[in-house]
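Fold and contact review
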Amino acid sequence: MMTLVESAQTEEESDSVEDIGLDFEEDNDQGIMNKMDRLVEWNVEVLSSLLQQIIASRGGVVNGISTLSNAERNIGTGVGTVLDEFTPIIPLKRFEAEDLRARRRPSSIDIGEKAKSQLRTYLSQIAGMYRDNPFHNFQHASHVTASVKKLLTRIVQVGEGNGLAASNDPVNLADLAGHSYGITSDPLTQFAVVYSAIIHDVDHPGVPNAQLVKEETRNAQIYKKSVAEQNSVELAWDMLMSDEYSALRACIYQTESDLRRFRQLVVNTVLATDIVDKELQALRKNRWETAFSSSSSPSLASFGNPDQEEHDNRKATIVIEHLIQASDVAHTMQHWHIYKDWNE
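Below is a short write-up of the structure. (Residues numbered from 1 in each chain as written. Predicted model: local features only at pLDDT ≥ 70, side-chain atom pairs only at ≥ 80, totals over all residues. Heavy atoms only, no water.)

Quick word on the pattern of salt bridges
Inspection of every chain in the model, using the stated rule, returns 13 salt bridges. Between aspartate 277 and lysine 225 there is a salt bridge, with the nearest N and O atoms lying 3.4 Å from each other. In this pair, aspartate 277 is assigned in the loop between helix H13 (256–271) and helix H14 (278–292) and lysine 225 in the loop between helix H10 (218–223) and helix H11 (227–240), connecting sequence segments 52 residues apart. For the salt bridge of arginine 314 with glutamate 310, the shortest nitrogen-to-oxygen distance reads 3.8 Å. Taken as a pair, arginine 314 and glutamate 310 lie in helix H15 (residues 306–328) at a separation of 4 residues, close to a single helical turn. (Salt bridge = Lys/Arg side-chain N within 4 Å of Asp/Glu carboxyl O. Helix = DSSP H or I, 4+ residues; strand = E, 2+ residues; numbered from the N terminus.)

A closer look at the packing of helix H6 (residues 138–155) against H15
Contact pair H6 / H15: the axes reach a minimum separation of 8 Å and the direction vectors enclose 135°. Classified by the angle their axes make, H6 and H15 are oblique. The element H6 and its partner H15 pack so that their crossing is right-handed. In this structure, H6 uses His140, Val144, Ser147, Val148, Leu151, Leu152 and Ile155 to contact H15, whose residues at the interface are Val319, Leu323, Ile324, Ala326, Ser327 and Asp328. Looking at the contact of H6 with H15 residue by residue, the class counts come to 9 nonpolar, 3 polar and 1 charged. (Axes fitted to C-alpha atoms, helices over the stretch in contact; angles between N-to-C directions. Parallel < 35°, antiparallel > 145°, perpendicular 65-115°, else oblique. Left-handed = near helix turned anticlockwise from the far one by under 90°. Contact = heavy atoms within 4.5 Å. Nonpolar A, V, L, I, M, F, W, Y, C, P; charged D, E, K, R; others polar.)

Focus on H11
Across its 14 residues, H11 extends 20 Å between first and last C-alpha, which sits within 8% of the 20 Å expected from 1.5 Å per residue. With 11 of its 14 residues buried, H11 lies for the most part within the structure. Those residues of H11 not exposed but buried are Val227, Ala228, Glu229, Gln230, Asn231, Ser232, Val233, Ala236, Trp237, Met239 and Leu240. Taken together, the buried residues of H11 touch helix H5 (113–129), helix H8 (187–199), helix H9 (209–214), H10, helix H12 (246–252) and H13. (Expected span 1.5 Å × (residues − 1). Buried < 20%, exposed > 50% of the residue type's maximum accessible area, 1.4 Å probe, protein only.)

Side note on the packing of aromatic side chains
To describe a pair of aromatic rings, you give the distance between the ring centres and the angle between the ring planes. Counted by the stated rule, this structure contains 10 aromatic pairs. Where tyrosine 253 meets phenylalanine 262, the ring centres are 6.4 Å apart and the plane angle is 40°; that geometry is what we call tilted. Both residues of the pair, tyrosine 253 and phenylalanine 262, belong to the buried class. What links up through ring pairs into an aromatic cluster is the set Tyr122, Phe191, Tyr195, Trp237, Tyr245, Tyr253 and Phe262. Cation over ring: arginine 263 sits above tryptophan 237, and NZ or CZ is 4.9 Å from the ring centre. (Phe/Tyr/Trp six-rings, centres within 6.5 Å; stacked < 30°, edge-to-face > 60°. Lys NZ or Arg CZ within 6 Å of the ring centre and 35° of its normal.)

Here we look at the packing of H11 against H13
The N-to-C vectors of H11 and H13 enclose an angle of 150°; their axes lie 9 Å apart at closest approach. By the angle between their directions, the pair H11 and H13 is classed as roughly antiparallel. Of the two possible hands of crossing, H11 and H13 adopt the one that is right-handed. Every residue of H13 that contacts H11 at Glu229, Gln230, Val233, Trp237 and Leu240 is listed here: Leu259, Phe262, Arg263, Val267, Val270 and Leu271.

Some words on the environment of glutamine 52
Relative to the helices and strands, glutamine 52 resides in helix H2 (residues 35–57). On a C-alpha basis, the gap between glutamine 52 and cysteine 251 in space is 8.4 Å, while along the polypeptide they are 199 residues apart. Apart from the residues lying within four places of it in its own chain, the contact partners of glutamine 52 are Pro106, Ser107, Ile109 and Ile111. Within the local environment of glutamine 52, its side chain forms a polar contact with the backbone oxygen of proline 106, the two atoms lying 3.3 Å apart. Reaching out from glutamine 52, the side chain makes a polar contact with the backbone oxygen of isoleucine 109 at a distance of 2.7 Å. (Polar contact = N/O pair within 3.5 Å; in protein donor to acceptor, adjacent residues only side chain to side chain.)

Right under this line is the structure:
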């Protein structure tokens with residue numbers, strides 16, 4: 001069976017920076033975008049396309065979310081640290097087959113200039129929060145995003161119907177949803193994973209968590225473990241919740257349940273990028289074995305069966321964690337000319 005990392009480096013032509021729009025140019029007198037601007041703009045387009053998926057799944061509805069202000073203010077509070085929010089099973093949203101067949105084409109959705117402007121501003125701010133590290137920088141985050149986007153197409157069958165690939169072939173989401181543990185039918189999940197890739201190393205100091213703990217830095221005293229990862233979630237989330245990004249948030253979620261699912265997906269996904277902590281890795285390995293053990297499969301596999309849905313959610317949760325991990329180190333598995341483009 002092909003591993004996620006091996007899958008990320010197959011099909012050489014699809015891995016080129018030109019194909020994903022990241023062939024870099026430096027500033028010059030003709031006003032060509034510099035590297036950072038191009039990275040920001042590419043990430044804007046990636047997230048914009050996924051926002052179209054989310055809005056299409058809601059029938060095109062984007063209302064104000066002022067009624068969620070208390071929920072937004074309180075989410076993530078009163079539970080300790082970000083690590084304390086982790087859960088081994090995230091319930092994904094289920095869609096009836098008829099709803100999937102009737103879903104609007106994402107290309108018909110306009111997220112609006114206000115939301116797109118806020119998205120561009122937000123990502124520019126995120127880029128500025130990355131330090132000038134040799135590795136944990138915004139270029140690395142964008143590379144991880146490209147890898148996540150690639151790997152999601154390996155789980156979510158590609159086509160215009162799900163917004164994650166360039167193919168024009170029609171896709172019947174109702175037929176595909178059962179083959180991806182619910183990830184196919186829930187565009188909010190896809191958005192959350194890609195968003196997490198973009199923010200996963202925000203403000204990373206460029207040294208391992210163990211060193212931060214040894215030096216007793218302020219963040220190490222707060223978080224104890226997964227120091228850099230928890231800090232990244234806190235900083236990126238707090239900024240997203242500010243008033244200036246209300247139109248952007250309204251595109252992402254419209255209900256408190258969607259807000260909470262989005263938050264949980266971001267927490268789990270970013271925390272999974274801590275691959276050095278042996279205790280967390282052992283727990284993650286055990287969750288994978290539990291999810292994919294033949295003895296753990298429910299006897300009845302049908303839509304609406306609570307046991308089957310929990311089983312699928314367990315699988316989806318751990319698959320997402322491994323997907324972001326594979327993407328975080330995918331540069332080491334790529335062809336030499338691709339590796340050089342991203343590491344010179």
